[in-house]
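Each chain is listed here by its residues.
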Amino acid sequence: MIQLSVRQCQPLEEVRVRCDAGRLIRVWDGAGRLYEAGKGPSFAFRASGALGAHVVSVHDEAGVELERATFAVDCRTAIDDEGGRFRRLLYMVEHTLASQTSAKHVVGDGERVYRLHSITSRDTIHALKGAVYFAAQARDVIDLHAAQQREDGMVWDFSMPVPRDVPYHFEWRWGEQFSKRINRDQVIFARQPVMNDLEHMYIGGVYLSWQATGDDDWMAGKLDSALAAMRFARTSPYTWSEKYQLIRRPYCIDLWDYQSDYDAARVDGDIMDAKPGVTVYGIFHGDNTGMADACRKLSILLDRVSRHEEAAEAREFSEHLLRQLETVAWNGEFYTHHVSEDPSFRRDFGVDEAQQVSLSNAYAVNRGIGHEKVAAIVRTYQRLREEMPATSPAEWFGIYPPFPKGWHVPEWTYTNGAVTTMTAGELAHGAFEHGFEAYGADVLARCLELYWPIGDTFVPGLRGKMPEPPERSFTPLDLRPVANADLVCTPEHDGWTGDPGNDLRELPVGAREFEGVPFDVIEPPTNDGRACIRLARGREGWAEQARIPVEGRFETLYLLHAAGGKGDVVGELRLVYEDGSAHEQYILNNRHVAGFWNPQAPDQTRQATRDTAVGWCGGNERFWRVGLIAHGLANPHPDRKVSHVELRASREKAAWLVVALTTSDAAPFFMPEPTDGGVPPAWGAGAVMYALAEGLAGIHDADRNMQAIRLTPRWSAAGVEQVTVALRYVEGGGYVRYTFAQLPGELRLDLAASGDQRRIELLLPEGAEPARVRRDGVEVPFELGTIETSRYVCLNVDGLAATALQVELA
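Residues numbered from 1 in each chain as written. Predicted model: local features only at pLDDT ≥ 70, side-chain atom pairs only at ≥ 80, totals over all residues. Heavy atoms only, no water.

Caption draft 1: How the structure looks around the overall build of the chain. For the chain, the count of helices and strands is 15 helices and 45 strands. Taken along its principal axes, the extent of the C-alpha atoms in the chain is 110 × 70 × 60 Å. Sorting the 810 residues of the chain into buried and exposed places 58% on the buried side. For the chain, long-range pairs separated by at least 24 residues make up 69% of all intrachain contacts whose partners lie at least 6 apart in sequence. Counting only carbon and sulfur atoms, one obtains 46% of the accessible surface of the chain, whose full area is about 31600 Å². (Helix = DSSP H or I, 4+ residues; strand = E, 2+ residues; numbered from the N terminus. Buried < 20%, exposed > 50% of the residue type's maximum accessible area, 1.4 Å probe, protein only. Contact = heavy atoms within 4.5 Å. Areas by Shrake-Rupley, 256 points an atom, 1.4 Å probe, with all protein chains shown as cover.)

What follows is the structure, encoded as structure tokens:
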């Protein structure tokens, strides 16, 4: 009778079989392929081959099967490294993708329901670089957009349910050419006229989805639509430059979907519109490297199904784009951001555009542009790291230096100079592949250092540079004569809430600085227990108004305050000038002030600076986070002397607490948050996973569903001496699992995989020389590969069985 030591296990784990002596033992993987054989009474092996139910069969000497047993083999994507740095980075990737791309965007066409990771096709496809290892639905985005592809091959940007009787703004902005409705007019498809990367994203998405699923029949059914997309890009007046014979677009910031103010002015101010013959087009390098890469992949797919003539067409177009782009946009160090078709049309952006390094240079290093160009781009980013401002968190800018003017986005934010994980991941992947392994590892390590303290997921971006605080002076105002409440609320002390224990007891008093602004917080015992002003109508012990003398000029009045009760208007503030005139300002909840329980400042990440911030937080007996908002109110007439400030209670059922007031001779300013919004976090998570999986862990799918792999572990570059890695496609089930160890005088690699074609390229530690290589204890020949100054031990270890490699170092 067969006895197995396990009923389920992971690849590489040992399985022991016991049976009668002399019996032949055979082991079959989840795809029914023989991968191990031995003899009883005891046989040990390590699980490998396809996941699923593995079969152990026992045979007599004539080969007749006598009995069989099964055990389950499974694994999930994981990294277990010493110290756990890259395990945490993988966790952040998965958490970001799960929260941002959990396939909750659902679209129905009346016959089928499609589950997408995002509203837009390109968001979903960028996310798939990582999501294929954690979630399903890799093909849905392609199926949906193939089914709705325009007859001329154009691919839509996004789809979403829209009520049939509600016009969507894309419809009245650009009409039927860039929008359409399906499914009883309940679902809209649309595209911004400025966009032109959707076709290459779609083609690349076909390739990526095919790799992740291994579905050859599905792939073959998408090739006509992919070819149509390619041909649209090279013929449409919206996308093709007859002058340069390259893909063109209006002047956008890199790959984003809006154009400059100068260009928008030519199409009635619409930042997303474009009109051939009116719009001044130009060449953006990322559109062309993206299409070149997509067409190279398309040629591979076409050749697989023996459509060789069309494969040659795609391959020749790919090569043409890269050759032509080199003559138009390559400057010797990186690709120039924008090359105009009409240089006489002047745009004054306040920056030397020839020196700007834009995001898609990082994408280009993974798009087959050639090693020399990749090396030049990587060195450019290394130079930026040395040259960037001291407050820049990293060199992974959307564009650097940013545009000081000419766009609706402030510099150093969003697409105009923020730091993104999109750039980091793509740059790191290219660095790993082209001999800059230590730099690639450093980029990934810094991703963890920068983002892990912020939270479990990647924020959309980091502000590319923090502003310098302005030179300014302050004058705290005296509230003692009008203060009417204590900070502490007890049965004996009437605090601002009137609710014992629910107060501001932890607020520091005296001369204090909050968010860079000095305030004078009254010490209650020095003012008969009165430390703040509480205002409300119709409440005993509360003021309906208060008057604070100023007698001077100022540009900003800073308030340290909080809201209570109900209502949008918390109060009214009046600046009364010596000439008798006045400026009145409603104080609005969630704009100038917020409730004192868990106070939140309004989102001002897109602004160059903030005028509202959480000034102070502490706790009380009722809640662990109470606090005050600091708001800088701009004086519209700083040239006039102010006589006094009037505070008036709201006519609504609101309460207003004012703790301190300070004037300043400069415009309102609070240091902005270091985080930045706008850039889709899932793009960055997909790019980081791309670098982590293929770059550092070194697992490359050389075919589809891991049937053939190239394995290039680069843990030595990251200072990791021991690690276990598993990478698995959720839908296709293809996987690689290995352990790597760097020991004194040797490297060890133990490998299991679902495919039987395995090319190994092991990075040698700096200065190390390989003496010999053993496979499963037997010395085998190897090659020595070199790129830049990096060297790799290279050999093929084909077969389904688990493999143990030992590289002895001289």
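Caption draft 2: Molecular detail of the pairing of strand β9 (residues 78–81). The side-chain alternation of β9 yields one buried face, formed by I79 and D81, and one unburied face, formed by A78 and D80. Across 4 bridges, β9 lies against strand β37 (residues 722–728) in antiparallel orientation. For A78, the partnering residue across the bridge sits in β37 and is A726. (Pairing = 2+ DSSP bridges.)

Caption draft 3: Expanded view of the environment of G580. Along the chain, the position of G580 falls in the loop between β28 (569–577) and β29 (582–588). Linking G580 and S643, residues 63 residues apart in sequence, is a C-alpha distance of 8.6 Å.

Caption draft 4: Highlighting the environment of T612. Residue placement: T612 occurs in strand β30 (residues 612–618). In this structure, the C-alpha to C-alpha distance between T612 and A718, residues 106 residues apart in sequence, is 42 Å. Leave out the neighbours within four places in its chain, and T612 touches R591, H592, A601, P602, Q604, I629, A630, H631 and F670. Polar contacts involving the side chain of T612 include one to the side chain of R591, which spans 3.2 Å. At 2.8 Å, the side chain of T612 and the side chain of D611 are in polar contact. (Polar contact = N/O pair within 3.5 Å; in protein donor to acceptor, adjacent residues only side chain to side chain.)

Caption draft 5: Region of interest: the environment of V278. Mapped onto the elements of the fold, V278 is located in the loop between α8 (261–264) and β17 (282–284). As for V278 and R266, which are separated by 12 residues in sequence, their C-alpha atoms are 6.8 Å apart. Apart from residues no more than four positions distant in its own chain, V278 is found in contact with R266 and V267.

Caption draft 6: View of the side chain of N288. Take N288: it is sitting in helix α9 (residues 285–304). Classification of N288 as buried rests on a relative accessible area of 0%. A polar contact is formed between the side chain of N288 and the backbone nitrogen of I247, at a distance of 2.8 Å. Leave out the neighbours within four places in its chain, and N288 touches L246, I247, I283, L321 and L325.

Caption draft 7: Here's a closer look at the nonpolar core. By size, the foremost hydrophobic cluster in this structure holds 158 residues, and its most contacted members are F86, L444, W715 and Y738. Examining the composition of this core, we find that 9 residues originate from one element, helix α5 (residues 198–213), more than from any other. If sequence neighbours within four positions are ignored, Y738 has contacts with L12, A697, I699, L711, P713, W715, V723, T724, V725, L749, D750 and L751. Counting 55 residues, the second largest nonpolar core, distinct from the first, contains W496, W542, A546 and A649. (Core = buried A, V, L, I, M, F, W, Y, C linked by side-chain atoms within 4.5 Å.)

Caption draft 8: How the structure looks around the sheet that holds strand β44 (residues 790–796). Strand order in the open sheet formed by 5 strands is β35-β36-β40-β44-β43, with mixed pairing between adjacent strands. In this open sheet, the two strands that pair with only one neighbour each are β35 (699–701) and β43 (783–787). Between one strand axis and the next, the sheet turns through 25° on average, direction left out of account. When β35 meets strand β36 (residues 708–711), the two strands line up antiparallel, connected through 3 bridges. Within the sheet, the bridge partner assigned to D701 lies in β36 and is I709. (Axes fitted to C-alpha atoms, helices over the stretch in contact; angles between N-to-C directions.)

These figures capture arrangement, not role.
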